[in-house]
Amino acid sequence: QVQLVESGGGLVQPGGSLRLSCAASGSTFSRYAMGWYRQAPGKQRELVALITSGGSTNYADSVKGRFTISRDNANNTVYLQMNSLKPEDTAVYYCNADRTIATTRLYYWGEGTLVTVSL
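So, here's what we can say about the structure. (Residues numbered from 1 in each chain as written. Predicted model: local features only at pLDDT ≥ 70, side-chain atom pairs only at ≥ 80, totals over all residues. Heavy atoms only, no water.)

## Considerations on the packing of aromatic side chains
Step number 1: Across all of its chains, the model carries 4 aromatic pairs by this definition.
Step number 2: Relative to Trp109, the ring of Tyr94 lies with its centre 6.4 Å away and its plane at 90°, an arrangement referred to as edge-to-face. Of this pair, Tyr94 sits in strand E9 (residues 91-101) while Trp109 sits in strand E10 (residues 104-109); the two residues are 15 residues apart in sequence, bridging distant segments of the chain.
Step number 3: The structure contains a cluster of three or more aromatic residues connected by ring pairs, namely Tyr37, Tyr94, Tyr107 and Trp109.
Step number 4: Here the guanidinium or amino end of Arg71 rests over the ring plane of Phe29, the centre of that ring lying 4.7 Å away. (Phe/Tyr/Trp six-rings, centres within 6.5 Å; stacked < 30°, edge-to-face > 60°. Helix = DSSP H or I, 4+ residues; strand = E, 2+ residues; numbered from the N terminus. Lys NZ or Arg CZ within 6 Å of the ring centre and 35° of its normal.)

So this is what it looks like as structure tokens:
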């Protein structure tokens with residue numbers, strides 16, 4: 001079982017920056033792919049950024065060049081640095097942990113942190 005706790009959301013003006021953090025419980029954090037997803041009002045949840053256990057990253061086209069995902073395996077934490085924020089980045093941001101062991105997929109979600117980009 002993995003518990004995920006997000007933090008760092010808040011209100012920011014367009015063009016500003018925020019850094020989200022996701023603290024994970026458990027001793028096998030390094031073996032999970034970690035992702036940040038977001039869900040805006042009235043829209044489906046979408047993948048924002050992903051970092052594999054090996055450190056490879058992938059980003060949604062809408063955030064490429066503006067957001068950076070990173071992980072600190074020693075502290076069981078994954079980060080999302082968000083720069084040049086736009087109003088359309090407003091959403092609840094969720095942390096996800098994903099790992100497959102044999103035929104069993106382990107998939108966990110945090111409760112989310114709200115990011116609001118507005119004047």
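## Re the sheet that holds strand E1 (residues 4-7)
Step number 1: In space, the 4 strands of this open sheet follow the order E1-E3-E8-E7, with antiparallel pairing throughout. Of all strands in the sheet, those with a lone pairing partner are E1 and strand E7 (67-72), marking the two edges. Put simply, the sheet's adjacent strands are angled 15° from each other on average, direction ignored. (Pairing = 2+ DSSP bridges. Axes fitted to C-alpha atoms, helices over the stretch in contact; angles between N-to-C directions.)

## Brief notes about the pattern of salt bridges
Step number 1: Going through the model one piece at a time under the given rule, you end up with 5 salt bridges.
Step number 2: Among the ionic pairs, Arg38 bridges to Asp89, the shortest N-O distance being 2.9 Å. Highlighted residues: Arg38 in strand E4 (residues 33-39) and Asp89 in the loop between strand E8 (77-82) and E9, separated in sequence by 51 residues. As far as burial versus exposure is concerned, Arg38 and Asp89 are alike and both buried.
Step number 3: In this structure, the salt-bridge partner of Arg105 is Asp98, at a minimum N-O distance of 2.6 Å.
Step number 4: The exposed category is assigned to Arg105, whose relative accessible area is 53%.
Step number 5: Since its relative accessible area comes to 18%, Asp98 is described here as buried. (Salt bridge = Lys/Arg side-chain N within 4 Å of Asp/Glu carboxyl O. Buried < 20%, exposed > 50% of the residue type's maximum accessible area, 1.4 Å probe, protein only.)

## Some points on the environment of Pro41
Step number 1: The topology assignment puts Pro41 in the loop between E4 and strand E5 (46-51).
Step number 2: A relative accessible area of 73% means that Pro41 is categorised as exposed.
Step number 3: Through-space distance from the C-alpha of Pro41 to that of Val78 is 25 Å; in sequence the pair is 37 residues apart.

## Examining the pairing of E1
Step number 1: Covered by surrounding structure in E1 are Leu4 and Glu6 only, the residues Val5 and Ser7 on the alternate face being uncovered.
Step number 2: As defined by bridge partners, E1 adjoins strand E3 (residues 18-24) across 4 bridges and the pair is classed as antiparallel. By the bridge assignment for E3, Glu6 is matched with Cys22.

## A look at the environment of Leu114
Step number 1: With respect to the element layout, Leu114 can be found in strand E11 (residues 113-117).
Step number 2: Linking Leu114 and Gly15, residues 99 residues apart in sequence, is a C-alpha distance of 17 Å.
Step number 3: Excluding its chain neighbours within four sequence positions, the residues that come into contact with Leu114 are Gly9, Gly10, Ala91 and Val92. (Contact = heavy atoms within 4.5 Å.)

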